[in-house]
Protein chains: 2
Amino acid sequence: MADPEGTERTTIQDVAAAAGVSVSAVSKVLRGAYGVSPQMRTRVTAAIDRLGYRPHTGARAMRGRTYTVGVVLVELTSPFQTEVAKGISDALEDTSYQDILVTAGATPERQKSRIEALLDRHVDGLVLIAPWIEVAWIEKIAQALPVVAVALHGTPRNFDTVVDDERLGAQLMVDHLVAAGHRQIAHTSAPRAAFEDTFVLSHTARRQGYEQAMRSHGLRPDVIETWLSEEGGHQAAQQAFDRARPPTAIFAGADIAAFGVLRAAEERGLRVPEDVSVAGYDNIYTSTINRVSLTTVDQSGHGTGAESIRLLLERIEGRAQPRQFVVSPHLVTRRTTTAPSGTGISNRGRTV
Amino acid sequence: MADPEGTERTTIQDVAAAAGVSVSAVSKVLRGAYGVSPQMRTRVTAAIDRLGYRPHTGARAMRGRTYTVGVVLVELTSPFQTEVAKGISDALEDTSYQDILVTAGATPERQKSRIEALLDRHVDGLVLIAPWIEVAWIEKIAQALPVVAVALHGTPRNFDTVVDDERLGAQLMVDHLVAAGHRQIAHTSAPRAAFEDTFVLSHTARRQGYEQAMRSHGLRPDVIETWLSEEGGHQAAQQAFDRARPPTAIFAGADIAAFGVLRAAEERGLRVPEDVSVAGYDNIYTSTINRVSLTTVDQSGHGTGAESIRLLLERIEGRAQPRQFVVSPHLVTRRTTTAPSGTGISNRGRTV
DNA sequence: CTGAAAGCGCTAACAA
DNA sequence: TTGTTAGCGCTTTCAG
């Protein structure tokens, strides 16, 4: 009656007994540690296979590693973040580590508590995707375990970062629109988070890139600050269209916001791209389908995830100096942008 | 020098010392167990807060619960699955449990190994979203811990299920198309998985619903078996359009496949819905945007997730009889379906 | 109602 | 190269 369910786990003891060796020998084989003879390894491995033994992560966590990487993302509905997460999973595929994901929402409190939950589980390392937290807090936990942050621009002391060069990406888009003949190009963005000073998040980096690129073309930046959501894009576009001289192109800070812009345009009876050009940033799946064909900027989420794991594993192996990796964005021109028309809403004002 | 990093964790011992009580007292307060006086509770709680103590999940796992629910999904890029996962997270919000996610891919081997990794972490329960595994295997692990499967149709012995009534959903769509005047309605589906006999997955349930509904209208079912992906939908549509008498409507087994159908139609110069009606199933985000406006069937992923947690917590509390919960789908008619035209590809053949 | 102590399955010093 | 053993931080009997 000791085991009514018949599901007692095989332990390292069982393996040791079955192989006729000590538990520490098994432990060493398990971890690939030094000081095991080939025949010992074979015997133990055989016993492990025969018994179908798998180590208890919790027990391991008490002394050593859990061989687990914690991944924190804001939400599952963000295509870019999930692509990064996929890149992480794939990169971990042929290592001895596994990833567990956790969604945290966009509030610092929830994010911190979810990260703490991961610390409670003694993960060996952490990848934070677009963390919405004061950097000082991240620095603190990064003193205790390896951390890589994705989409956080800045130069941290205790952790690594992987970022898309979003300033460049924004510039590519502005250049594209200017080359097509646009001079009134609005940009939709989101409010700067309170903690963004020496560190900035994606939307702020994009905005900075946009502003700089506009100035370099001798144009006046026109930022409409709402939110990088469908609704936010819709509101921003309404504001833009209500102006006396509406922009001939709207460069949304994210594809999702661009969809809101498209909706607003449709509601006003404006044709895209004939009456107004619309562009986004992220190149999410929806943008690729033929009926949408949004001009946008692509940043490889998958590559970003893979790179973050490369850095994280280096840290787990002992590296302490911070590293930053920058991935290059590229422009994807599709069917929502074209030259401004000479009629309708346009940049006619220049002839005055 | 015992703590060079200054990051030694506070343990239950520290809390006990700070509160001037025993560790077992702290443990009881932690777990809300019986036999603690109010003043004991207050003292301990105060000490916990003061020290910022959080229990070590691994240590807990050695004896009791981890207060962790493992969620397994096929991939992050499936909007329905991530919505279920969100429903799960939200439902767990005001419980003492937390969820960790793991992606498993569509092969039984990987799925099993990811589930085992969760078992190694001693999760208290498991939610499997659209598991692609022999049910016998699930039954076995479900003997050892609470399990809920989502989108698996059948009557398990040891675990619960939450499913959308996909047969009904498919019927709603067929009824809609027939009411619009269509009589040649093709359905795209995927091969039946090897393990689907007494249990079936979503695509098979949808197909069954489609076939039954067609027959009930006196129509001949026309299933094109490819894969429920964009590419699969594209191939299926090409096959359909190549027929001597092409269907006037294509009901894809999933929205994502419907996008492939739309692409194939565009390539042939067929207008949707004038020349051919196209419908999907899932009501994913992309389908909702104005430029796409796909007619589809909605199943509440969020509600599904919430319900799965309700059932799982019941099981964790001790229920053993299996339960099944069915959520109701509803039709969402948008702009990709209409009456068949009398010209072009149509159901003209009837006049023969 | 409270506390002492055993032990969960591992890892890592240390001994042999 | 191998084995012995002391914990890791909790939970859970079992005494008091």
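No experiment lies behind these values; they were computed from the predicted model shown.

## Considering the overall build of chain A
Okay, step 1: A tally of helices and strands in chain A yields 13 helices and 14 strands.
Okay, step 2: For a compact globule of 352 residues, the expected C-alpha radius of gyration is about 20 Å, and chain A comes in at 26 Å, more than 25% above that figure.
Okay, step 3: By residue count, 55% of the 352 residues in chain A fall in the buried class.
Okay, step 4: For chain A, contacts bridging at least 24 residues in sequence account for 67% of all contacts bridging at least 6.
Okay, step 5: A total of about 14800 Å² of accessible surface is found on chain A, and carbon and sulfur atoms cover 51% of it.
Okay, step 6: Charge separation in chain A, taken as the distance between the mean sites of 38 positive and 40 negative side-chain charges, equals 3 Å.

## What to know about the pattern of salt bridges
Okay, step 1: If you walk through the whole model with that rule in mind, you get 48 salt bridges over all chains.
Okay, step 2: Taking the shortest distance from any N to any O, the salt bridge between E134(A) and K112(A) comes out at 3.0 Å. Highlighted residues: E134(A) in the loop between β3 (125-129) and α7 (135-144) and K112(A) in helix α6 (residues 108-120), separated in sequence by 22 residues.
Okay, step 3: Notably, a salt bridge pairs D282(B) with R206(B), separated by 3.0 Å at the nearest N-O pair. Here R206(B) lies in helix α9 (residues 202-216) and D282(B) lies in the loop between β11 (277-279) and α12 (285-288), a separation of 76 residues in the sequence.

## Thoughts on the UniProt feature "domain: HTH lacI-type" (unreviewed entry) in chain A
Okay, step 1: If you check UniProt for "domain: HTH lacI-type" (unreviewed entry), the listed places come out as residues 10-64 of chain A in our numbering.
Okay, step 2: Structurally, residues 10-64 of chain A is divided into 69% helix and 0% strand, and its ends, taken at the C-alpha atoms, are 20 Å apart.

## Concerning unusual backbone geometry
All names here are of chain A.
Okay, step 1: Residue V272 is joined to P273 through a cis peptide bond whose omega torsion reads 10 degrees.
Okay, step 2: Inspection of the secondary structure puts P273 in the loop between α11 (255-267) and β11 (277-279).
Okay, step 3: With a phi close to 135 degrees, D282 is a non-glycine residue in the positive phi region.

## Remarks on the packing of aromatic side chains
Residues and elements named next belong to chain A.
Okay, step 1: In this structure the tally under the stated criterion is eight aromatic pairs over all chains.
Okay, step 2: The interplanar angle of 50 degrees and the centroid separation of 5.5 Å between the aromatic rings of Y67 and Y97 together place this pair among those described as tilted. Taken together, the residues Y67 in the loop between α4 (57-63) and β1 (68-73) and Y97 in the loop between α5 (79-92) and β2 (98-103) connect sequence positions 30 residues apart.
Okay, step 3: Taking relative accessible area as the criterion, Y67 reaches 17% and is therefore assigned buried.
Okay, step 4: Ring plane angle 80 degrees and centroid distance 6.1 Å describe the contact between W132 and F195, whose orientation is recorded as edge-to-face.

## Focus on the environment of F251(B)
Residues and elements named next belong to chain B.
Okay, step 1: Positionally, F251 belongs in strand β10 (residues 249-252).
Okay, step 2: For F251, a relative accessible area of 0% gives the class buried.
Okay, step 3: In this view, F251 contacts A170, M173, V174, L177, I185, A186, H187, T188, Y210, A279, G280 and Y281; residues no more than four positions away in its chain are not counted.

## A word on the relation of the copies chain B and chain A
Okay, step 1: After a rotation of 180 degrees and a shift along the axis of 0.0 Å, chain B superposes on chain A with an RMSD of 0.1 Å. Viewed as a symmetry operation, the transformation between the two copies matches a two-fold axis. Distance from the rotation axis, computed per C-alpha, reaches its smallest value in chain B at G58(B): 1.9 Å.
Okay, step 2: Both copies present the same face, since 100% of the interface residues in chain B are matched by interface residues at the equivalent positions in chain A.

## Digging into the protein's contact with DNA strand D
Okay, step 1: Taken together, the neighbourhood of DNA strand D is formed by 25 residues, with S24(A), I12(B), S27(B), R31(B) and Y53(B) sitting nearest.
Okay, step 2: In the interface set of DNA strand D, defined as its atoms within 4 Å of the protein, sugar plus phosphate atoms amount to 56%.
Okay, step 3: Between DNA strand D and Y53(B), the relevant distance is 2.6 Å, taken from a phosphate oxygen to a side-chain nitrogen or oxygen of the residue.
Okay, step 4: In the model, a phosphate oxygen of DNA strand D is placed 2.8 Å from a nitrogen or oxygen of the R60(B) side chain.
Okay, step 5: The set of elements that each furnish at least two residues to the surface near DNA strand D consists of α2 (23-31) and α4 of chain A together with α2 (23-31) and α4 (57-63) of chain B.
Okay, step 6: A per-class count over the surface near DNA strand D returns 11 nonpolar, nine polar and five charged.

## Remarks on the packing of helix α10 (residues 230-242) of chain A against α11(A)
All names here are of chain A.
Okay, step 1: Look at α10 against α11: their axes get within 6 Å of each other, and the N-to-C directions meet at 45 degrees. When the axis of α10 is compared with that of α11, the two are oblique. Pair α10 / α11 crosses with right-handed handedness. Together, E230, E231, G233, H234, A237, Q238 and F241 of α10 and I256, A257, F259, G260, V261, R263, A264, A265 and E267 of α11 make up the contact between the two elements.

## Digging into the sheet that holds strand β10 (residues 249-252) of chain A
Residue and element names in this part refer to chain A.
Okay, step 1: Strand order in the open sheet made by the four strands is β9-β7-β10-β11, with parallel pairing throughout. Taken across any chain shown, the strands that pair with only one partner, and hence form the sheet edges, are β9 (222-225) and β11. On average, each strand axis in the sheet is inclined to that of its neighbour by 20 degrees, with strand direction left out of account.
Okay, step 2: Direction of pairing for β10 relative to β11: parallel, over a ladder of three bridges. Within the sheet, the bridge partner assigned to I250 lies in β11 and is V278.

## Some details on the side chain of R319(A)
Residue and element names in this part refer to chain A.
Okay, step 1: Residue placement: R319 occurs in the loop between α13 (301-316) and β13 (324-327).
Okay, step 2: A relative accessible area of 13% means that R319 is categorised as buried.
Okay, step 3: Reaching out from R319, the side chain makes a polar contact with the backbone oxygen of L311 at a distance of 3.2 Å.
Okay, step 4: Within the structure, the side chain of R319 is placed 2.7 Å from the backbone oxygen of Q321, a separation counted as a polar contact.
Okay, step 5: Those residues in contact with R319 that sit more than four places away from it in its chain are D160, L311 and E314.

## What about the interface of chain B and chain A?
Interface size is commonly expressed as the accessible surface area that is lost when the partners come together.
Okay, step 1: At the junction of the two partners, chain B supplies 48 residues and chain A supplies 48 residues.
Okay, step 2: Of the roughly 4400 Å² buried at the junction of chain B and chain A (both faces included), carbon and sulfur atoms supply 49%.
Okay, step 3: Considering only the side of chain B, the residues that lose the most area to chain A are D120(B), R121(B) and R291(B), jointly responsible for 17% of the buried surface there.
Okay, step 4: The interface formed by chain B and chain A contains 12 salt bridges.
Okay, step 5: Notably, a salt bridge pairs E266(A) with R291(B), separated by 3.9 Å at the nearest N-O pair.
Okay, step 6: Mapped by element, the contributors of at least two residues to the side of chain B that touches chain A are α4, α5 (79-92), β2 (98-103), α6 (108-120), α7 (135-144), α11 (255-267) and α12 of chain B.
Okay, step 7: When the residues that make up the side of chain B that touches chain A are grouped by side-chain class, the tally is 20 nonpolar, 15 polar and 13 charged.

## Some details on the protein's contact with DNA strand C
Okay, step 1: Taken together, 24 residues surround DNA strand C, and among them I12(A), S27(A), R31(A), Y53(A) and S37(B) come closest.
Okay, step 2: A share of 60% of the atoms of DNA strand C within 4 Å of the protein falls on sugar and phosphate groups.
Okay, step 3: At 2.7 Å from a phosphate oxygen of DNA strand C is found a main-chain nitrogen or oxygen belonging to I12(A).
Okay, step 4: In this structure, R60(A) approaches DNA strand C through a side-chain N or O atom, which is 2.8 Å from a phosphate oxygen.
Okay, step 5: Listing elements by their share of the surface near DNA strand C, those giving two or more residues are α2 and α4 of chain A together with α2 and α4 of chain B.
Okay, step 6: Residue contributions to the surface near DNA strand C peak at four residues, all from α4(A).
Okay, step 7: Each residue belonging to the surface near DNA strand C can be placed in one class, and the counts come to 10 nonpolar, nine polar and five charged.

The rules behind each value
Note on numbering: residues in each chain are counted from 1, in written sequence order. Working convention: letters from A go to chains and numbers from 1 go to ligands, in the order in which they are written. Totals for whole chains, interfaces and linings use all residues, but because this is a predicted model, local features are given only for residues with pLDDT of at least 70 and pairs of side-chain atoms are given and counted only at 80 or more. Derived side-chain values reflect all non-hydrogen atoms in the structure, with water molecules and hydrogen atoms excluded from consideration. Each helix corresponds to a stretch of at least 4 residues labelled H or I by DSSP, and each strand to a stretch of at least 2 residues labelled E; elements are numbered beginning at the N terminus. C-alpha atoms define the radius of gyration in this analysis, and the globule rule sets the expected value at 2.2 Å times the number of residues to the power 0.38. Each residue is assigned to one of three classes by its accessible area relative to the maximum for its type, calculated with a 1.4 Å probe on protein chains only: buried under 20%, partly exposed between the two thresholds, exposed over 50%. Residues are treated as being in contact if the distance between any of their heavy atoms lies within 4.5 Å. Areas reported here follow the Shrake-Rupley algorithm with a probe of radius 1.4 Å; residue values treat only the protein chains shown as occluding. In this tally, Lys and Arg are treated as positive and Asp and Glu as negative; His is ignored, and so are the chain termini. Note that the charge is assigned to NZ on lysines, CZ on arginines, CG on aspartates and CD on glutamates. Any Lys or Arg side-chain nitrogen located within 4 Å of an Asp or Glu carboxyl oxygen qualifies as a salt bridge. UniProt positions are given in the numbering used here, feature names are shortened, and annotations may be inferred rather than shown by experiment. Ring geometry is summarised as follows: Phe, Tyr and Trp rings, the Trp one being its six-membered ring, pair when their centres sit within 6.5 Å, and such pairs are stacked at plane angles under 30 degrees, edge-to-face over 60 and tilted between the two. Superposition of the copies was done by least squares, using only C-alpha atoms of residues whose pLDDT is at least 70 in both. Here a residue counts as near a molecule or strand whenever at least one of its heavy atoms sits within 4 Å of it. Here a polar contact is recorded for every N or O atom pair within 3.5 Å, except that within protein the pair must consist of a potential hydrogen donor and a potential acceptor, and residues adjacent in sequence are included only if both atoms are side-chain atoms. Side-chain classes follow a simple rule in which Ala, Val, Leu, Ile, Met, Phe, Trp, Tyr, Cys and Pro form the nonpolar group, Asp, Glu, Lys and Arg form the charged group, and the remainder, Gly included, forms the polar group. Only the stretch in contact is used when a helix axis is fitted, and all axes are lines through C-alpha atoms; the angle between N-to-C directions ranges over 0 to 180 degrees. For this classification, under 35 degrees means roughly parallel, over 145 means roughly antiparallel, 65 to 115 means roughly perpendicular, and everything else is oblique. Crossings are assigned a handedness: left-handed for a near helix turned anticlockwise from the far helix by less than a right angle, right-handed for a clockwise turn. Only strands joined by at least two bridges in the DSSP assignment are considered to pair. Once two parts are joined, some of their accessible surface, as seen by a 1.4 Å probe, is lost; buried area is that loss totalled over both.

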